[in-house]
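Notes for the structure review
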Amino acid sequence: MSSEPARNPIPSRAIHPWPWVALVGALLILVGLQLTTPNLVGNDSYFHIKYAEVMRDAGVRGFPPAFPWLPLTILAPDRYADHHLLYHVLLTPFTLGDLRIGGKIAAVAGAFAMVLAFVWVLRREGVVPLGFAVLALGASSADLLFRLSMTRVQAFSLVCLLVGFHLALAHRHIALAMLACVYAWLYDGFPLLFVPIGAVIAAEIVTERRLRPGIVVAAGVGMAVGLVVNPYFPDYLTFMWQHMGDKLVEREPLRVGKEWAPYDPLGLFANAAASMAYLAYGVAVLGEGRWKTERAALAALGVAVVFFALLLRSQRFVEYFAPLATFFVALAGGGTIAALDRTRRRVLALLLTAVLVANVVGIGSMLARRSSKTPYDRYAAAAELVAREAPPGAMLCTTDWDDFPWLYFYNVESTYLIGLDPTYLRNRFREAYWAWVDASLGKVPRPSDVFARQLPCAYVMSDRDHGGFLDLAATDPGLEQVLANDQTVLFRVRRDGPPPQYPISPD
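Here's what I pulled together on the structure shown here. (Residues numbered from 1 in each chain as written. Predicted model: local features only at pLDDT ≥ 70, side-chain atom pairs only at ≥ 80, totals over all residues. Heavy atoms only, no water.)

The next point concerns the packing of helix H5 (residues 130-139) against helix H15 (residues 342-373). Where H5 meets H15, the axes come as close as 8 Å, and the angle between the chain directions of the two elements is 35°. Considering how the two elements wind past one another, H5 and H15 form a crossing that is left-handed. Mapping the contact onto sequence places Phe 132, Leu 135, Ala 136, Gly 138 and Ala 139 in H5 and Arg 345, Leu 348, Ala 349, Leu 352, Thr 353, Val 355, Leu 356 and Asn 359 in H15. Of the residues assigned to the contact of H5 with H15, the class counts are 9 nonpolar, 3 polar and 1 charged. (Axes fitted to C-alpha atoms, helices over the stretch in contact; angles between N-to-C directions. Helix = DSSP H or I, 4+ residues; strand = E, 2+ residues; numbered from the N terminus. Left-handed = near helix turned anticlockwise from the far one by under 90°. Contact = heavy atoms within 4.5 Å. Nonpolar A, V, L, I, M, F, W, Y, C, P; charged D, E, K, R; others polar.)

Have a look at this one:
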């Protein structure tokens, strides 16, 4: 392992109450956003916290637990791979009480861990105005605040990227290999670690005229170990390709979450204007000849540019671009900000505070509106009825692919046709997927021709937005309405004979 290069001591001004005030403020904002809604933020949050409870109940002897709930997808029991394995382990302590409260606390803990990593790495790199950096982070994007409020793995993924950037700069090979191994268990997006590593190598070529590829080898070895010792190896690799392949290579239009689509120009400006301004300012500062010597800032620029390119392709990358653009501007422009006179620093602080307040108010209002329209228990009655009346393992089908987490939160006794990602069903049984799409959109005169004859559904649940399907289902003798409320309608499937059979062995 190569030794860490000598660094300049952190200026005494870095140890200032401002960062601690900013960190307390960040924590209060994260908690406050959770208090604006009784819901967990985001659909998948319900799945993650519930599955963590399943993992906790299985115990050490039952680790990893079986996954029988999506048998017709690429997450079928014979090929299941948990691409958030370590994250679900980390969630288990938050499942000891009310799962909604635990999920909210877990979301705050993950987001605050990211903020702490952000501050820690900047401080290690000698950045002085840490309070400004935290303030700028909150002002960087409203969507960042929204996505950090979800009970999802991305906050910890950012921790890995920030710490990985620091370890790569220091060429701490063993520590970097260990981080890469942990990252491979945490999340299937672990190859993102090569972005900061590649940026550091490129920056060293530019600023020092030397190539030191050891950090690539260290990270690669760590990832390989994490993959091979993973309990889901080699299915994990197969899943990664099927999960990400459809996102990287367009095949056919699917009803995937809008987070995979790019922002329209207005949306990009509304959610990333501050981050793009940070990027432009940092480039202007480095353009004064400093790019030839500022290794860390130049590497951070490379990271920010890569994630900006990804953001232009998919809006979900705002959760990476916004904090990493802020990280870059702190490295590149921190000294310039620190050198401003007191009046200008106050003006800048007021400007950032105004943007931060607007972001917080906007996201808080949006979360409150969503909870009134889609309460957390909107599918509870339907899920519990099926769990109570249907035999274990009976399939509950839905007309939307993203209803699964809400149902799973209340019913782990049933199985489900589709969930978490529409490609999971499409990639395994393409004809069944498109038949389901047509029936759900009201394009099949008798929906039971699909849900009873082509699919092994015992029940079908629809929200009130699927008017075409509901109109046809109301007159379909193959579907019996058993529950209706202002949120959902539930049908029992009538069929003569056994349900259709699908292969359960590996394809």
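Bringing the packing of helix H7 (residues 154-170) against helix H13 (residues 295-313) into the picture now. The geometry of H7 relative to H13 is characterised by a closest axis approach of 11 Å and an angle of 145° between their N-to-C directions. H7 and H13 meet at a crossing whose hand is right-handed. Contacts between H7 and H13 involve Leu 161, Phe 165 and Leu 169 from the first element and Arg 295, Ala 296, Ala 299, Ala 300, Val 303 and Phe 307 from the second. Within the contact of H7 with H13, the residues separate by chemical class into 8 nonpolar, no polar and 1 charged.

All right, on to empty space enclosed by the protein then. A full pass over the atoms with the stated rule returns 3 cavities of 30 Å³ or more. Roughly 60 Å³ of internal volume is contained in the largest cavity. In terms of lining residues, the largest cavity is bounded by Leu 161, Leu 162, Phe 165, Pro 196, Ala 300, Val 303, Leu 324 and Phe 327. Looking at the lining of the largest cavity, the elements that each hand over two or more residues are H7, H13 and helix H14 (318-338). No other element matches H7, which puts 3 residues into the lining of the largest cavity. Lining the second largest cavity, in full, are Arg 147, Leu 148, Met 150, Arg 152, Gln 154, Ala 155 and Glu 319. (1 Å grid on protein atoms, 1.4 Å probe; cavity = no way out; pocket = protein on both sides within 12 Å on 5 of 7 lines; lining within 4 Å. Points joined across faces, edges and corners; volume = space filled by probe spheres on them.)

The next subject is unusual backbone geometry. The omega torsion of the bond from Phe 63 to Pro 64 falls at -10°, within 30 degrees of zero and hence cis. Tracing the backbone shows Pro 64 in the loop between helix H2 (44-58) and helix H3 (85-91). The omega torsion across Phe 233 and Pro 234 is 5°, close enough to zero to call that bond cis. In this structure, Pro 234 sits in the loop between helix H10 (214-228) and helix H11 (235-248). Unlike most non-glycine residues, His 171 shows phi in positive territory, near 55°. Here His 171 is to be found in the loop between H7 and helix H8 (173-186). Residue His 171 is classed as buried on the basis of its relative accessible area of 1%. The phi angle at Leu 420 is positive, at roughly 70°, despite the residue not being glycine. Mapped onto the secondary structure, Leu 420 falls in the loop between strand S2 (415-416) and helix H18 (423-426). (Buried < 20%, exposed > 50% of the residue type's maximum accessible area, 1.4 Å probe, protein only.)

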